[in-house]
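# Geometric and topological summary
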Amino acid sequence: MTASGCAGGPGTERAADKVTSITALDYYTDASEHAQWSERLDACGKAVGVTVEQHSVPGASLVPKVLQQASSRTLPDLLMLDNPDLQQIAQTGALTPLNRYGIHSGGFAQGILSAGTYRGKVYGLAPTVSTIALFYNKDMLSKAGVAVPRTWDELKAAAARLTRPGRYGMAVDANATFEGTWQFLPFLWSNGGDERHLDTPQAAQALQLWVDLVRSRSMSRSVLNWTQADVHDQFVAGRTAMMVNGPWRISEMNKLRNLHWGVAPIPVRQLGQTLVTPLGGEVWTVPQNASKARQAKAAQVVACLNGSAHMLALARQNFTVPSRTAVASRFAEQVPSMAAFVASVERARARTGELGVRWPKAATGIYTAVQAALTGEQTPREALGHAQRIATAS
């Protein structure tokens, strides 16, 4: 089913309530991203008969600003949120459920819907999403006679053979932030680990893999401080043969003619396990305000942004995955380098899917455990026991 605004009901516009402009708030402060989204918002605004006044703030400032605006009842008409933040904002009562405006969510992968859902109601929809996969240097693997790894044992063997002076076999972001947690989740989840119960053998096995890679010197100890951008820089400079990263790196890698790279699903512990990766991306929402007419127009813009044409255009611009399964399948055929990401998104999970607003505590526990285990301060089992206490602290 195609997203659409309702023609009647609560959002019906009366002549006296005619709306000619609405406001939108996001965190697209990068000049090119801001321009791209301005183009989309302008197009959708024109389609529904309004101009969209776009405001962008730095990512770290968005949620505090929204909470302040909710308190003072000065929320924008249209609000973009990073999907893990939706639960926190919806909990305050600041958002309106999208079914109120006749917006349908058919055709979206379940994980994507979960990311925009709070207490059984869909409050936000993402035109495109992202996840992470394994990038590899084709020339390095070929020269070393190494096949693209599919299992953890194959990953460790490949990383060891690819490591040499000035180059590591593998790189991840294991820093002490939610980004570090994000990178660890495919290893945790695919092995049957669960953020509700971090102190399990399955979780310890996943963390032991990263410990083994560092101890064998197949992965730099500096991963404790690297961001995903740093990991990318190591890869394109030839200082690592493989890395875990997202599709947003593809546009930069495509500019390097001498870099021959491929992308594959992140390996699982043993063949037969299902790869489960975390879902990234931003959802668009309609906040509460005093004007039902403005809300209705904002909802029509949300519906427009989630139409197939805009999904495909955004996916091509940003190397992201269209959120509707059928559209994503067409995109994977058109852009083969995105096929691994499209396949992973079909089974990807929202980070807040299990714990809702309690997710940040678990995320903190996870990256704390990764740091403790990789530095050797604690064994994976000890570190994850501590992580569970952090996650369940009141």
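Residue positions are given per chain, counting from 1 as you read along its sequence in written order. Given that the model is predicted, a residue must reach a pLDDT of at least 70 before its local features are reported, and side-chain atom pairs must reach 80 or more before they are shown or counted; all residues, however, enter totals for whole chains, interfaces and linings. Computation of side-chain values covers all heavy atoms of the structure but excludes hydrogens and water.

The name an unreviewed UniProt entry assigns to the chain is Extracellular solute-binding protein, from the organism Streptomyces broussonetiae. UniProt positions are given in the numbering used here, feature names are shortened, and annotations may be inferred rather than shown by experiment. Listed under Sequence similarities (unreviewed entry) in UniProt, the entry text for the chain is "Belongs to the bacterial solute-binding protein 1 family."

With that settled, the discussion passes to helix α6 (residues 152-162). Since the α-helix packs 3.6 residues into each turn, any two residues three or four apart lie on the same face. Burial classes follow relative accessibility: with a 1.4 Å probe on protein chains only, a residue under 20% of its type's maximum area counts as buried, one over 50% as exposed, and anything between as partly exposed. Helix numbering and strand numbering both begin at the N terminus, where a helix is a DSSP run of H or I of at least 4 residues and a strand a DSSP run of E of at least 2. Buried within α6 are the following residues: Trp152, Leu155, Ala158, Ala159 and Leu162. Along the long axis of α6, the arc covered by the buried residues comes to 125°, so they all point the same way. Away from its buried face, by an angle of more than 90 degrees, α6 presents the exposed residues Asp153 and Arg161. Note on definitions: a residue-residue contact is assigned when non-hydrogen atoms from the two residues lie within 4.5 Å. Check the buried side of α6 and you find it contacts α5 (138-144), β9 (168-171), α7 (178-190), α8 (201-215) and β10 (240-245). The directions from the helix axis to the C-beta atoms are what the arc is built from.

In short, DSSP must find at least two bridges between two strands for them to pair. Spatial ordering of the open sheet is given by β2-β1-β3-β12-β6, a layout of five strands whose pairing is mixed. Every interior strand has two partners, whereas the edge strands, β2 (51-56) and β6 (124-125), have only one. Of the strand pairs in this sheet, β6 and strand β12 (residues 282-285) are connected by two bridges, and their pairing is antiparallel. Looking at β12, one finds that Gly124 is bridged to Thr285. Contacts from helix α1 (residues 31-48) reach β1 (21-26), β2, β3 (78-82) and β12, with the element oriented near 155° to β2. Lines fitted to C-alpha atoms define the axes here, with helix axes fitted over just the stretch in contact, and angles between the N-to-C directions of these axes take values from 0 to 180 degrees.

To continue, consider the domain arrangement of the chain. How big an interface is tends to be stated in terms of accessible area lost as the parts join. Domain delimitation follows an automatic or database domain assignment. Domain parsing of the chain yields domain 1 (21-125 + 282-319) and domain 2 (133-278 + 354-392). For domain 1 versus domain 2, the separation of C-alpha centres amounts to 31 Å. With five residues of domain 1 at the contact, the number on the domain 2 side is seven residues. Together, the buried faces of domain 1 and domain 2 total about 460 Å²; carbon and sulfur atoms form 73% of this surface. Buried surface area refers to the total accessible area, computed with a probe of radius 1.4 Å, that the two partners give up upon joining, counted for both partners together. When residues of domain 1 are sorted by the area they lose upon contact with domain 2, Gln87, Gln91 and Phe319 head the list and together hold 81% of the total. Any pair of N or O atoms that falls within 3.5 Å is considered a polar contact. Within protein, one atom must be able to donate a hydrogen and the other to accept it, and sequence-neighbouring residues count only if both atoms are side-chain atoms. There are zero residue pairs in polar contact (both at pLDDT 80 or more) connecting domain 1 and domain 2. In the side of domain 1 that touches domain 2, the residues fall into one nonpolar, four polar and no charged. Amino acids are sorted into nonpolar (Ala, Val, Leu, Ile, Met, Phe, Trp, Tyr, Cys and Pro), charged (Asp, Glu, Lys and Arg) and polar (every other residue, Gly among them).

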